Amino acid sequence: MQKRVRTAVFPVAGLGTRFLPATKALPKEMLTVVDRPLIQYAVDEAREAGIEHFVFVTGRNKGVIEDHFDRQFELETTLELRGKTAALKALRQDLPSAGRTSFTRQQEPLGLGHAVWCARDIVGNNPFALLLPDMLFKGEPGVLKQMMDAYEETGGNIIAVEEVPESEVSSYGVIKRGEGPDNGFRLTGMVEKPKREDAPSNLIISGRYILQPEIFNLLADQPRGAGGEIQLTDGMQTLMHTQEFTGVKYQGKSFDCGSKIGFLTANVVYALDRDDIREGFLKELRKLDLDEQL
Ligand code: G1P
């Protein structure tokens, strides 16, 4: 039996410079796809996968994320008085139970590896899930749930991967694929943001991980890597010498909401998927006569 994964870590300290000026005072994780903030989608995905404890590695200016995962009594009372019971129920459902969230700060922007390391005391000696909220996944079941199914079989460390055009590999962590089927194959290597010609494949690390706690000690001494940052991928590459890593080529579609194009596309796709919005939205889109531009 594998040790159960109860905890998920969400690194939310990034400055979001690609979305300025929107992200000057607003955390990028609070940008909305239709009417839900990005961070809510990641928390929903983790809950669906059975996660019970939600750990946020935040930074200055990110207090709103903590407020978002708290009760808002004034709002709740008003909704109740106005008889808006469906909205009230939905708000309450979105919330993790009391005592099931933790917040810690990454004091300096030293990279993803450092952000993950900042969660070490809260996670303790347990396997944990790691979700990068910039990456939004539409999948049935959710991507983390698909990875949990692989974890039940193999234990160890699990990484969600997807194919991208070769021209894009240098923006991501890239893996080397070993033996096994798409829903659970051996990983034999990985490299962070390689030059196109040095990339071991066009399979990228998609921003969802299940990791064993031994990663923390490695990250503690991890020298800076690509972009001068402490890279999680470098720590994982070292851990691979002593532990197994399994790749899952997940079923579903991803939106890289760290980029404007990915974010805007996600808004269109998620809006068209909503029964209460689809028809009205399509009507407006038709009026725009997009055919000429497409
Ligand atoms: C991070 C990881 C990278 C991964 C990517 C997914 O990079 O370091 O391995 O492929 O997330 O979005 P970042 O986007 O923070 O540069």
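In the nomenclature of an unreviewed UniProt entry, the protein is known as UTP--glucose-1-phosphate uridylyltransferase of Devosia psychrophila.

Looking only at helices and strands, the protein features eleven helices and 13 strands. Counting only residues that meet the buried cut, the protein has 46% of its 294 residues in that class. Total accessible area on the protein is roughly 15,500 Å²; 49% of this is exposed by carbon and sulfur atoms. For the protein, the separation between the mean place of its 36 positive charges and that of its 43 negative charges on side chains is 3 Å.

The UniProt record marks residues 13-267 with the feature "domain: Nucleotidyl transferase" (unreviewed entry), using the residue numbering of this structure. Within residues 13-267, the helical portion is 32% and the strand portion 24%, while the C-alpha atoms at the span's ends are 23 Å from each other.

Moving on, we get to the site of the ligand. Close to the ligand lie Leu112, Leu132, Met135, Tyr172, Gly173, Glu192, Lys193, Ile205, Tyr209, Gln231 and Thr233. Here Glu192 contributes a side-chain N or O atom positioned 2.7 Å from an oxygen atom of the ligand. In this structure, Lys193 approaches the ligand through a side-chain N or O atom, which is 2.6 Å from an oxygen atom. Protein chains shield 78% of the accessible area of the ligand, which is 380 Å² for the free molecule. Per-class residue counts for the shell around the ligand are six nonpolar, three polar and two charged.

As a further point, take a nonpolar patch on the surface. A surface patch of nonpolar side chains, amounting to about 330 Å² of accessible area, comprises Leu288, Leu290 and Leu294. Here Leu294 shows up in the segment after α11 (278-287).

Next up on the list: helix α9 (residues 232-239). Among all positions of α9, only Leu232, Thr233, Gly235, Met236 and Leu239 are buried. Projected down its long axis, α9 shows its buried positions confined to an angular sector of 160 degrees, all on one face.

On inspection of all chains with the given rule, the structure shows nine aromatic pairs. With centroids separated by 5.3 Å and ring planes inclined at 80 degrees, the aromatic side chains of Tyr41 and Tyr270 adopt a geometry described as edge-to-face. Residue Tyr41 is located in helix α1 (residues 38-48), and its partner Tyr270 is located in helix α10 (residues 260-272); the two are separated by 229 residues in the primary sequence. By relative accessible area, which is 14% here, Tyr41 ends up buried. Note on Tyr270: relative accessible area 10%, which makes it buried. Linked through ring pairs, Phe10, Phe54, Phe56, Phe69 and Phe103 together constitute an aromatic cluster. The cationic tip of Lys138 hangs over the ring face of Tyr270; the distance from NZ or CZ to the ring centre is 4.8 Å. Over the aromatic face of Phe255 sits the side chain of Lys253, whose NZ or CZ is 5.0 Å from the ring centroid.

Okay, unusual backbone geometry next. Residue Pro21 is reached from Leu20 by a cis peptide bond, and omega for that bond is 5 degrees. Take Pro21: it is sitting in the loop between β1 (7-11) and β2 (32-33). One non-glycine residue with positive phi stands out, namely Val34, at about 60 degrees. Within the secondary structure, Val34 is located in the loop between β2 and β3 (36-37). On the accessibility criterion, Val34 (25% relative accessible area) is partly exposed. Backbone geometry places Asn61, a non-glycine residue, at a positive phi of 70 degrees. The residue Asn61 is located in the loop between β4 (53-58) and α2 (63-68) in this model. Using a relative accessible area of 58% as the deciding quantity, one classes Asn61 as exposed.

With that settled, consider the environment of Val123. If you trace the backbone, Val123 turns up in helix α6 (residues 120-123). Residue Val123 is classed as buried on the basis of its relative accessible area, which comes to 2%. Distance in space between the C-alpha atoms of Val123 and Arg224 is 23 Å, their sequence separation being 101 residues. Leave out the neighbours within four places in its chain, and Val123 touches Thr7, Val9, Phe128 and Phe216.

Take the pairing of strand β6 (residues 128-131) next. Covered by surrounding structure in β6 are Phe128 and Leu130 together with Ala129 and Leu131, the residues of both alternating faces. Relative to β6, β1 runs parallel, the two being bridged by three bridges. Note on β6: the bridge partner recorded for Thr7 is Phe128. As paired strands, β6 and strand β11 (residues 203-211) are joined by four bridges and run antiparallel to one another. In the strand pairing of β11, Ala129 is matched with Ile210.

Cut-offs applied
- Residues numbered from 1 in each chain as written.
- Predicted model: local features only at pLDDT ≥ 70, side-chain atom pairs only at ≥ 80, totals over all residues.
- Heavy atoms only, no water.
- Helix = DSSP H or I, 4+ residues; strand = E, 2+ residues; numbered from the N terminus.
- Buried < 20%, exposed > 50% of the residue type's maximum accessible area, 1.4 Å probe, protein only.
- Areas by Shrake-Rupley, 256 points an atom, 1.4 Å probe, with all protein chains shown as cover.
- Lys, Arg positive; Asp, Glu negative; His and termini not counted.
- Charge placed at Lys NZ, Arg CZ, Asp CG, Glu CD.
- UniProt positions renumbered as here; feature names shortened; annotations may be inferred.
- Near = heavy atom within 4 Å.
- Polar contact = N/O pair within 3.5 Å; in protein donor to acceptor, adjacent residues only side chain to side chain.
- Nonpolar A, V, L, I, M, F, W, Y, C, P; charged D, E, K, R; others polar.
- Patch = residues over 30% accessible without salt bridge, like charges linked within 9 Å, V, L, I, M, F, W, Y side chains within 5 Å.
- Salt bridge = Lys/Arg side-chain N within 4 Å of Asp/Glu carboxyl O.
- Arc of directions from axis to C-beta.
- Phe/Tyr/Trp six-rings, centres within 6.5 Å; stacked < 30°, edge-to-face > 60°.
- Lys NZ or Arg CZ within 6 Å of the ring centre and 35° of its normal.
- Contact = heavy atoms within 4.5 Å.
- Pairing = 2+ DSSP bridges.

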